[in-house]
Every structure is written in C-alpha cells, then in structure tokens.
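# Geometric and topological summary
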Amino acid sequence: QLQLVESGGGLVQPGGSLRLSCAASGFDLNYYAIGWFRQAPGKEREGVACISSSGGTTNYADSVKGRFTISKVNAKNTVYLQMNSLSPEDTGIYYCARITACLYSLQLEVNYWGQGTQVTVSS
C-alpha cells in the first residue's frame, strides 16, 4: 500500500536543529516529487519545501530559505528535511506528501499525505 511516514519531530530550543525523515513505500521515489508542509496552531497548512522526482530541482518558502534543506536518498526511498536556526515561528505539525510537481510558488498539488510529526521550538 502507498504510505508516507514522517519521523524526527520533537522539542528543540530556539537556534537548534532537527532533521525530519519521510519514508515512502508502495511507490518509487524516482518517479514522484515530494513536498514538506507545516501547519502552525490557528493557521492554514503551507508548503515549506519540495524536491523534484530527479532531485534536480528544490524550492523553498521565503520564510525557511537558507535555514532548511530538502534532500532525498532514492536507495532508501526516503526524503529528509534538515532544519537549522529554528525559531518559535517554526512550531507546528510537519507533513510530507506526494505531489504532482515541485513548483517555485510552493502552491503544491498534493495527491497523498503522510500523517505528520510535531515540531515544537521553545525555550
């Protein structure tokens, strides 16, 4: 069955780092783009980063550019989100999802969601 499972979330202090993982099964990561999204309390879900099927294209929201890095290892069928210099504004539930295309606008068409993992940035 098609499945996306996020892991790596938790509590971190401001200025700290976390690496999230998205393990894909039931489809080949070589043929599909993946996006990372987040939803802060009381706010709409937003795209934060995406990577193309080839891995040759990555895009980031302005709010995370320079701090977050999306990558993938096809042999492991896993996508990663390295998050550095975290601030309380980064707090939320982070989701990975299979998407139609990795667009510069980060307005991404999702065709399958993972279950999400909580990230809390607090002192």
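Structure's up top.
Residues numbered from 1 in each chain as written. Predicted model: local features only at pLDDT ≥ 70, side-chain atom pairs only at ≥ 80, totals over all residues. Heavy atoms only, no water.

Below, the discussion takes up the nonpolar core. Membership of the largest hydrophobic core comes to 26 residues, with the highest contact counts inside it found for Ile34, Trp36, Ile70, Val79, Leu81, Met83 and Tyr94. At the level of secondary structure, the elements contributing two or more residues to this core comprise strand 3 (18-25), strand 4 (33-39), strand 5 (46-51), strand 7 (68-73), strand 8 (78-83), strand 9 (92-99) and strand 11 (117-121). Here this core gets four residues from one element, more than from any other, and that element is strand 3. Non-local contacts of Tyr94, meaning those with residues more than four positions away in its chain, are made with Glu6, Leu20, Trp36, Phe37, Arg38, Phe68, Leu81, Met83, Gly116, Thr117 and Val119. With eight residues, the next largest nonpolar core counts Ala33, Phe37, Ile99 and Leu108 among its residues. (Core = buried A, V, L, I, M, F, W, Y, C linked by side-chain atoms within 4.5 Å. Buried < 20%, exposed > 50% of the residue type's maximum accessible area, 1.4 Å probe, protein only. Helix = DSSP H or I, 4+ residues; strand = E, 2+ residues; numbered from the N terminus. Contact = heavy atoms within 4.5 Å.)

Here the structure, examined in full by the defined rule, presents four salt bridges. Note that Asp90 is salt-bridged to Arg38, the shortest N-O span being 2.8 Å. Residue Asp90 is located in the loop between strand 8 and strand 9, and its partner Arg38 is located in strand 4; the two are separated by 52 residues in the primary sequence. Accessibility classification places Asp90 together with Arg38 in one group, the buried group. Through salt bridges with shared partners, one network takes in Arg38, Glu46, Arg67 and Asp90. (Salt bridge = Lys/Arg side-chain N within 4 Å of Asp/Glu carboxyl O.)

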